[in-house]
Amino acid sequence: MTLRTRVITILTGLVVVGIAAASVAAYQSASNELVSETDRFLTARANEVLDGQRATPRRSSDDGRPQPRADDLDLAIDTDSIAQTIDRHGDVTASEGGNLPVAAVDEAVAGGERRALIRDIEIEGETFRMITAPASDGGAVQIARSTASATDVLDRLAARLTLVGLVLGLLAAALGWLLMRRTTKPLADLTAATERIATTRDLTPLGLSGDDEVGRLATSFDQMLAALRSSREQQRRLLQDAGHELRTPLTSLRANVDFLERAADLPAEERAQVLAGLKSELAELGGLVDEVVVLATDEDATSVSMTDLDLADIVTDAVGTFRRRTGREVSLACEPTPLRGNASLLDRAVTNLLGNAHKFSPADRPIEVTVAGRWVSVRDHGDGIDDADLDRVFERFHRSADARSKPGSGLGLAIVRHVAEQHGGDVRAGNAADGGAEVGFSVG
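This structure is a prediction, so every number in the text was calculated from the model and none was measured.

Quick notes on the rules
- Residues numbered from 1 in each chain as written.
- Predicted model: local features only at pLDDT ≥ 70, side-chain atom pairs only at ≥ 80, totals over all residues.
- Heavy atoms only, no water.
- Helix = DSSP H or I, 4+ residues; strand = E, 2+ residues; numbered from the N terminus.
- Buried < 20%, exposed > 50% of the residue type's maximum accessible area, 1.4 Å probe, protein only.
- Contact = heavy atoms within 4.5 Å.
- Areas by Shrake-Rupley, 256 points an atom, 1.4 Å probe, with all protein chains shown as cover.
- Phe/Tyr/Trp six-rings, centres within 6.5 Å; stacked < 30°, edge-to-face > 60°.
- Lys NZ or Arg CZ within 6 Å of the ring centre and 35° of its normal.
- Pairing = 2+ DSSP bridges.
- Axes fitted to C-alpha atoms, helices over the stretch in contact; angles between N-to-C directions.
- Left-handed = near helix turned anticlockwise from the far one by under 90°.
- Nonpolar A, V, L, I, M, F, W, Y, C, P; charged D, E, K, R; others polar.
- Lys, Arg positive; Asp, Glu negative; His and termini not counted.
- Salt bridge = Lys/Arg side-chain N within 4 Å of Asp/Glu carboxyl O.
- Polar contact = N/O pair within 3.5 Å; in protein donor to acceptor, adjacent residues only side chain to side chain.
- Expected span 1.5 Å × (residues − 1).
- Core = buried A, V, L, I, M, F, W, Y, C linked by side-chain atoms within 4.5 Å.
- Patch = residues over 30% accessible without salt bridge, like charges linked within 9 Å, V, L, I, M, F, W, Y side chains within 5 Å.

A.B. asks: Which parts of the structure should I look at to understand the overall build of the protein chain?
C.D. replies: Each helix and strand counted, the protein chain has eight helices and 12 strands in total. Counting over 444 residues, the protein chain shows a buried share of 36%. Across the protein chain, the fraction of contacts at a sequence separation of at least 24, relative to all contacts at a separation of at least 6, is 57%. Taken as a whole, the protein chain presents about 25900 Å² of accessible surface, with 53% of it coming from carbon and sulfur.

A.B. asks: What is the right way to read the packing of aromatic side chains from this model?
C.D. replies: How two aromatic rings sit relative to each other is given by the distance of their centres and the angle of their planes. Applying the stated criterion to the full structure yields zero aromatic pairs. A cation over an aromatic ring shows up here: Arg 145 above the ring of Phe 41, its NZ or CZ 4.0 Å from the ring centre. A cation over an aromatic ring shows up here: Arg 428 above the ring of Trp 375, its NZ or CZ 4.0 Å from the ring centre.

A.B. asks: Before we go on, may I ask you to explain the sheet that holds strand β5 (residues 140–146) in this structure?
C.D. replies: The pairing of strands in a sheet comes from backbone hydrogen bonds and takes either a parallel or an antiparallel form. With antiparallel pairing, the five strands of this open sheet are ordered in space as β2-β1-β5-β4-β3. Two strands bound the open sheet, and with one partner strand each, they are β2 (92–96) and β3 (117–123). Across the sheet, the mean angle separating the axes of adjacent strands is 20° when strand polarity is ignored. Pairing geometry for β3 and strand β4 (residues 126–134), over seven bridges, is antiparallel. When the sheet's bridge partners are listed, Asp 120 is paired in β4 with Arg 129. Across the sheet, helix α1 (residues 3–50) touches β3, β4 and β5, and the angle it forms with β4 is around 45°.

A.B. asks: Could you clarify how one ought to interpret the sheet that holds strand β7 (residues 330–334) in this entry?
C.D. replies: Pairing is mixed across the open sheet formed by five strands, whose spatial order is β7-β9-β10-β12-β11. Where the open sheet ends on each side, the last strands, each with one partner, are β7 and β11 (427–431). Ignoring strand direction, the axes of neighbouring strands in this sheet form an average angle of 15°. Across five bridges, β11 lies against strand β12 (residues 437–442) in antiparallel orientation. By the bridge assignment, Ala 429 is partnered in β12 with Val 439.

A.B. asks: When you look at the packing of helix α7 (residues 343–360) against helix α8 (residues 412–422) in this model, what are you seeing that I'm missing?
C.D. replies: Pairs of packed helices are described in terms of their axes, by the angle between the two and the distance that separates them. Between α7 and α8, whose axes approach to 9 Å, the crossing angle comes to 145°. Seen from above, α7 lies across α8 with left-handed handedness. In this structure, α7 uses Leu 345, Leu 346, Arg 348, Ala 349, Asn 352, Leu 353 and Asn 356 to contact α8, whose residues at the interface are Gly 412, Leu 413, Ile 415, Val 416, Val 419 and Gln 422. Split by residue class, the contact of α7 with α8 holds eight nonpolar, four polar and one charged.

A.B. asks: Help me understand the side chain of Arg 328 in this model?
C.D. replies: If you trace the backbone, Arg 328 turns up in the loop between α6 (311–326) and β7. Buried within the structure, Arg 328 lacks any salt-bridge partner; Asp 364 is the closest side chain of opposite charge, at an N-O distance of 6.8 Å. Polar side-chain contacts of Arg 328 include one of 3.5 Å to the backbone oxygen of Ser 361. Among the polar contacts made by the side chain of Arg 328, one reaches the main-chain carbonyl oxygen of Arg 365 at a distance of 2.9 Å.

A.B. asks: Quick question: what am I supposed to make of α1 here?
C.D. replies: One turn of the α-helix equals 3.6 residues, which is why residues spaced by three or four share an orientation. For α1, built from 48 residues, the straight-helix expectation of 70 Å at 1.5 Å per residue is met to within 8% by its first-to-last C-alpha distance of 70 Å. Within two residues after α1, Gly 52 carries a phi angle of roughly 80°, on the positive side.

A.B. asks: How should the nonpolar core be read in this particular structure?
C.D. replies: Across soluble globular proteins, nonpolar side chains show a tendency to be buried alongside one another. Leu 346 and Phe 441 are the most contacted members of the largest nonpolar core, which totals 36 residues. Mapped onto this core, the elements with two or more residues apiece are α6, α7, β9 (367–372), β10 (375–379), α8 and β12. Sort the elements by how many residues they give to this core and α7 lands first, with seven residues. Apart from the residues lying within four places of it in its own chain, the contact partners of Phe 441 are Leu 346, Ala 349, Val 350, Leu 353, Arg 374, Trp 375, Val 376, Val 416, Ala 420, Asp 426 and Val 427. Among the nonpolar cores identified, the runner-up in size contains nine residues, and Leu 42, Val 49, Ala 83 and Ala 133 belong to it.

A.B. asks: In this structure, what is going on with the pairing of β2? I would like to understand it.
C.D. replies: One face of the sheet, then the other: side chains in a regular strand alternate in exactly this way. Of the strand pairs in this sheet, strand β1 (residues 82–86) and β2 are connected by four bridges, and their pairing is antiparallel. Opposite Ile 86, over in β2, you have Val 92 as the bridge partner. Connecting β1 to the next strand, β2, in antiparallel fashion are five residues, including Gly 90 with a positive phi near 95°.

A.B. asks: Even after reading the chapter, I still don't get the pattern of salt bridges, so can you show me in this structure?
C.D. replies: Side chains that carry opposite charge are capable of pairing whenever their charged atoms lie near each other. Per the counting criterion, the structure on display carries nine salt bridges. A salt bridge links Arg 129 to Asp 120; the nearest nitrogen and oxygen atoms lie 3.0 Å apart. The class for Arg 129 is buried, based on a relative accessible area of 15%. A salt bridge links Asp 434 to Arg 379, with the nearest nitrogen and oxygen atoms 2.3 Å apart. Of this pair, Asp 434 sits in the loop between β11 and β12 while Arg 379 sits in strand β10, placing them 55 residues apart in sequence. For Asp 434, a relative accessible area of 61% gives the class exposed.

A.B. asks: So what exactly am I meant to see when it comes to a nonpolar patch on the surface here?
C.D. replies: Where nonpolar side chains cluster on the molecular surface, the patch consists of Val 164, Leu 168, Leu 171, Leu 175, Trp 177 and Leu 178 and spans about 550 Å² of accessible area. Turning to its location among the elements, Leu 168 is positioned in helix α3 (residues 148–200). The partly exposed category is assigned to Leu 168, whose relative accessible area is 37%.

Right, dumping it as structure tokens:
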């Protein structure tokens, strides 16, 4: 069963139950009112007879014919009811309009043992409402009135209420169908769009709008699609760029291996040079693969293990390692910078900045490292960065004209930006006033 069908069924059921409850309440109220009206009539008629305001029933002769009254004929019992009198023993003394049953409860009223009593009776298959009211001098008067007219009214009322209930139920179902069709149309469109995406792998935004919950869901879905498209495009470009960059070391490796195969009697010195070139190309190729893997995983901050640490300690250790490996002079100025971060990633970012400065800074000039204001800045004393490259130095595989002749993959600074973003920070690159480039990153 679809959501639309379930909601329509529930809505229609609630309406029908509400109408049924209201109909039952209306029917019961009308029934009680008709019974109360009949009871008031019977009570008033019995009081009129007992008070002498209306004639008592005429006594019957031995042959069953009513005898004439001695009182005023204008006070005769009306034809809208049956009247009967009984003595204190329950024997009928007079009746007019028919004979009424006398039960033990009626005899108790006539004998003064009970108060006036109103009850339902049946005469020849017809239902009557009857009162038995005690007389002051003993005995009782009985007044009965047919409930046929009240029953007819209630039957017509029940038929009309049933008809109204059916009409309103059908109307509720129709309105519910129209309402749910209008309400669930965005959901249907969203479902169709997601099915299309699952089939075609087309991440084009849905373009659905609205200010309700479904509209906000569609907007969020579009944002997710946009993020997926961006991620897919970045991965595609990364693979293309990585493939392009991998061709150079692979070509060089292939050429050196072919050369070694052809030159079996190569002098030892030349063979050592070729092997050294192979090792260098393999090292560059391994570094490139490692950097591609780091960027391809594209982990966010929530998936990285974070601990409490001091950025100054990370930078100090990275600078010490760099000094031992390269023998370069590095000046260091740090201020304590506590944060929650990943020590391995931060160490890699600092090492990449140092390696970048090492490529462009003259060997006789120190590399300057500063940690202040939650920023890590590394300055070299090279030729600086061209203005055209300032906005692109952190892009993947971007290499300036000067850098193309130097070792490297063009991924080092891209990894720095990646690490900074994982720690809620940013990156910057610029030229120092007295020469050289200054590149760094911040932490949040």
